[in-house]
Amino acid sequence: MGIKTEYNPDLALRNVTEHKNGLRKKGECIPEHLVAGMVYEFLKQGQRNYWLEGEVPLVETKGNGQLSRPKASVIILEATHFLQNEEVWTKGRYKVVEVFDPNDARVYFDGFARTK
């Protein structure tokens, strides 16, 4: 028996329409209006580990590894594991450093390093 843990190099959340349609909780989705400097809560199913010592990309996921280009650069402030209905979840807070223009094709991350 082992411990099932996932290491995430990014924060991948769903589109806010999934919350509006009652399919996901608010924290599982990217807020409709991201604002640099604001702190938001996130919620992910499973025991996840995130890098806490710098900026990571905030991406939109459709599931099964289908990820968008980075929507923003964020700093994860905290991540906590907990049990709910015998399932492991990870919740936390992240601060938005910069929101990216979806029409801008620049590269914002090189591997784990944030480009300026």
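All of these numbers come straight from a predicted model, not from anything done at the bench.

What follows concerns the pairing of strand S6 (residues 72-84). Judged from the four bridges that link them, strand S5 (residues 55-60) and S6 form a sheet pairing that is antiparallel. Across the sheet, residue Glu55 finds its bridge partner in S6, namely Ile75. In this sheet, strand S7 (residues 87-99) lies alongside S6 in antiparallel orientation, the contact comprising 12 bridges. Looking at the pairing, His81 lines up with Thr90 of S7.

Now for the sheet that holds S6. The mixed open sheet is built from five strands, whose spatial order is S2-S5-S6-S7-S3. Whereas interior strands pair on both sides, the edge strands pair on one side only; in this sheet they are strand S2 (11-13) and strand S3 (39-45). Strand-to-strand, the axes of this sheet are offset by a mean angle of 35°, without reference to chain direction. Sheet topology places S3 next to S7; seven bridges connect them, and they run antiparallel. Looking at the pairing, Leu43 lines up with Lys91 of S7.

Now for the packing of aromatic side chains. Scanning all chains against the criterion turns up four aromatic pairs. A ring pair is formed by Phe42 and Tyr94, whose centres lie 6.3 Å apart and whose planes are at 45°; its orientation type is tilted. Of the two residues, Phe42 sits in strand S3 while Tyr94 sits in strand S7, which places them 52 residues apart along the sequence. Overall, Tyr94 belongs to the buried group, its relative accessible area being 0%. A ring pair is formed by Phe100 and Tyr108, whose centres lie 3.6 Å apart and whose planes are at 10°; its orientation type is stacked. The burial state of Phe100 is the same as that of Tyr108; both residues are buried. Among the aromatic side chains, those forming a connected cluster through ring pairs are Tyr40, Phe42, Tyr50 and Tyr94. Here the guanidinium or amino end of Lys25 rests over the ring plane of Trp89, the centre of that ring lying 5.0 Å away. A cation over an aromatic ring shows up here: Lys91 above the ring of Phe82, its NZ or CZ 5.1 Å from the ring centre.

What follows concerns unusual backbone geometry. You will see that Asn64, though not glycine, has its phi angle at about 55°, which is positive. By the element assignment, Asn64 lies in the loop between S5 and S6. For Asn64, a relative accessible area of 81% gives the class exposed. One non-glycine residue, Glu86, adopts positive backbone phi at about 65°. Inspection of the secondary structure assignment puts Glu86 in the loop between S6 and S7. Here Glu86 falls in the exposed class, since its relative accessible area comes to 79%.

Rules of the game
Residues numbered from 1 in each chain as written. Predicted model: local features only at pLDDT ≥ 70, side-chain atom pairs only at ≥ 80, totals over all residues. Heavy atoms only, no water. Pairing = 2+ DSSP bridges. Helix = DSSP H or I, 4+ residues; strand = E, 2+ residues; numbered from the N terminus. Axes fitted to C-alpha atoms, helices over the stretch in contact; angles between N-to-C directions. Phe/Tyr/Trp six-rings, centres within 6.5 Å; stacked < 30°, edge-to-face > 60°. Buried < 20%, exposed > 50% of the residue type's maximum accessible area, 1.4 Å probe, protein only. Lys NZ or Arg CZ within 6 Å of the ring centre and 35° of its normal.

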